[in-house]
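# Inside the fold
Residue strings, one per chain:
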Amino acid sequence: MKSTHLERRAEKLCLATGLPWADALKRVKALPPGSSLIPEAHPSQALLESYVLSGLAWPNIDTRHPWGIRSTDSHTDSLALTFENNVPQHVGRETMASELVRALVPRFDGHNEVHGIPGARFTTDDDCIHIQRIGLPGSLRILGITPEDWTSALDLQRQEDEGDSRFCHEHSPHRWHRSEAPFRTPDTGSILSRHHYRKQPSAWLASGLLRRAPLFRTIGVPLSTTAWTNLTDDGGTEWIIEYINEPASDASCYHQGFTNLLTDPECGLPIAGTDVDCYCGNSAAYYCGCRFYARSSIGQPGALQVRFSHRSGDRAQRYKDSLDDYQARRRIFRHIPAHLASRRTATSPKP
C-alpha cells in the first residue's frame, strides 16, 4: 500500500492511464494539490477524441488491450495514445496500424460520404503519428506504431478500396476536401450531418472514456472490448461499453474497484452512478452479466452503460486456443489495491 498522499494519487493515475510509475509520480508532483489527475479536454479536442473512440469502438481486429490502447497521456489541448503493435491475427495482413488507418484516416467514396475523421490530417516523425483537424485546435499523437507500419497500412487500405473510395488528404492535403466540408460546422440538413452533429454534446464523455481506457484492465483479464452508442432524450449520446473478461479477483463484487475509480473525484469522470445490476454472487450457470449505469454529475448531456460480461470455465476456453496469447492477456490485468476497491459507490449493487 502506498503510504503518502502523493503516492496514492500517483497510484490512481497509473491505474487509470497505464503510465509507468515514475512518470505518474513525476506528473503528480507537478500538479497543484487537489487538482484533477486527468485534465478535461477543451471542446474541439474532445470532439477529435470522440471521433477516435467512435472509430475504434467496434474493432475489426482482436486486440489484447481495450481497443489496443496500452497507455494514455492527457493534456487539455492534446492526447497521446500508445498502442500495442503485436496484435496476433489470423486473417491476411491485419495489424494495429491497418485498424487505425481504416478507422481514422478520412476518405470519400463515390457518393461523397466520408469515412474516418472529417478534416483530419496525419503526419509522421521518428516517434509517432500526429493527428490534427485542419484549422481547428487540438491534436492527438499515436505512439507504438512505426512510420513504416503506418505507410504500409495506408498502401494496403488503398489496395483494398480498389477505387471505391479515396483518401481526402491526397486530393486536398492542406484544406478540407469538399466531401468533408459539411462536417466542419455540421447542421441537421441530412441524416449523416445529424449523426455527426450529435457527437458534439457528449464529446466530453467519449473523450473522458478514451483518456481512461487502460482503467478497464482493472475489471478482469481482457478478452474483448466493444462499444456502441444510442441517442438520449437530453440531446446527447449514451455510450454502451461491453468488456468481456475473465474475472481475476476473489472479491464478491469484482468490478467495484473499477466503478470506484471511474467516479473518483481525483481521477474519474464527472459522472454519478444511477443504477447497478450486479449478479456477481450467482453461480456461473446463472450469471447473466453485471451492468453499471451513470450520467453526468454536472448536467451535461449523455449517459454511460458499462457491461461486465465475464467468461470462465468452458465459456472462456476459446480464448485459450493460443496459450501464449492468453497468458499475455492475463499479464495485462491490473489489480486494484484493497483501499481503492472497498469504497462503495452511491448506488450499491443489488443483492
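Treat the numbers as computed from the prediction; the structure is a model and nothing was measured.

### Re the pairing of strand E6 (residues 128–133)
Pairing of strand E5 (residues 120–124) with E6 involves five bridges; the strand directions are antiparallel. Bridge assignment links Phe-122 to a residue of E6, and that residue is Ile-131. Inspection of the sheet shows E6 paired to strand E7 (residues 139–143) by four bridges, in the antiparallel sense. Counted as the bridge partner of Ile-131 is Leu-140 from E7.

### Let's talk about the pattern of salt bridges
Throughout the structure, instances matching the rule amount to 17 salt bridges. Residue Arg-9 is joined to Glu-266 by a salt bridge in which the shortest nitrogen-to-oxygen separation is 3.0 Å. Remark: Glu-266 occurs in the loop between helix H9 (256–262) and strand E11 (271–277) and Arg-9 occurs in helix H1 (residues 5–17); sequence separation between them is 257 residues. In this structure Arg-9 comes out as buried when scored by relative accessible area, which is 3%. Judged by relative accessible area, Glu-266 falls into the buried class, the value being 16%. Between Arg-329 and Asp-325 there is a salt bridge; the shortest N-O distance is 3.1 Å. Of the two residues, Arg-329 and Asp-325 both sit in helix H10 (residues 323–332), four residues apart, roughly one turn of that helix. For the pair shown, Arg-329 and Asp-325 are each scored as buried. The network of salt bridges with shared partners includes Arg-9, Lys-12, Asp-264 and Glu-266.

### A closer look at the packing of H1 against helix H2 (residues 21–30)
For the pair H1 and H2, the least separation of the axes is 8 Å and the interaxial angle reads 125 degrees. The angle between the axes of H1 and H2 places the two elements in the oblique class. The two elements H1 and H2 meet at a crossing, and its hand is right-handed. Residues Leu-6, Glu-7, Arg-9, Ala-10, Glu-11, Leu-13 and Cys-14 of H1 pack against Trp-21, Ala-24, Leu-25, Arg-27, Val-28 and Lys-29 of H2. Its residues assigned to classes, the contact of H1 with H2 shows eight nonpolar, no polar and five charged.

### Structural notes on the side chain of Arg-311
Residue placement: Arg-311 occurs in the loop between strand E13 (303–310) and H10. No salt bridge is formed by the buried Arg-311; the nearest opposite charge belongs to Glu-242, separated by 5.3 Å. Filtering out sequence-adjacent residues up to four positions away, Arg-311 remains in contact with Leu-223, Ile-244, Asn-245, Glu-246, Pro-247, Ala-316 and Tyr-319.

### A closer look at the packing of aromatic side chains
In this description, an aromatic ring pair is defined by two values, namely the gap between the centres and the angle between the planes. Applying the stated criterion across every chain, the model contains six aromatic pairs. Summarising the aromatic geometry, the rings of Phe-216 and Tyr-243 are spaced 5.8 Å apart at their centres and angled 35 degrees between planes, so their arrangement reads as tilted. Here Phe-216 is found in the loop between helix H8 (203–211) and strand E9 (221–231), whereas its partner Tyr-243 is found in strand E10 (residues 237–246), with 27 residues between them in sequence. On the basis of relative accessible area, Phe-216 is assigned to the buried category, the value being 1%. With relative accessibility at 0%, the residue Tyr-243 sits in the buried group. Through a chain of ring-to-ring contacts, three or more aromatic side chains come together here, namely Trp-67, Phe-216, Tyr-243, Phe-258 and Phe-308. A cation over a ring is seen here: Arg-318 above Tyr-319, with NZ or CZ 4.4 Å from the ring centre.

Analysis parameters
Residues numbered from 1 in each chain as written. Predicted model: local features only at pLDDT ≥ 70, side-chain atom pairs only at ≥ 80, totals over all residues. Heavy atoms only, no water. Pairing = 2+ DSSP bridges. Helix = DSSP H or I, 4+ residues; strand = E, 2+ residues; numbered from the N terminus. Salt bridge = Lys/Arg side-chain N within 4 Å of Asp/Glu carboxyl O. Buried < 20%, exposed > 50% of the residue type's maximum accessible area, 1.4 Å probe, protein only. Axes fitted to C-alpha atoms, helices over the stretch in contact; angles between N-to-C directions. Parallel < 35°, antiparallel > 145°, perpendicular 65-115°, else oblique. Left-handed = near helix turned anticlockwise from the far one by under 90°. Contact = heavy atoms within 4.5 Å. Nonpolar A, V, L, I, M, F, W, Y, C, P; charged D, E, K, R; others polar. Lys, Arg positive; Asp, Glu negative; His and termini not counted. Phe/Tyr/Trp six-rings, centres within 6.5 Å; stacked < 30°, edge-to-face > 60°. Lys NZ or Arg CZ within 6 Å of the ring centre and 35° of its normal.

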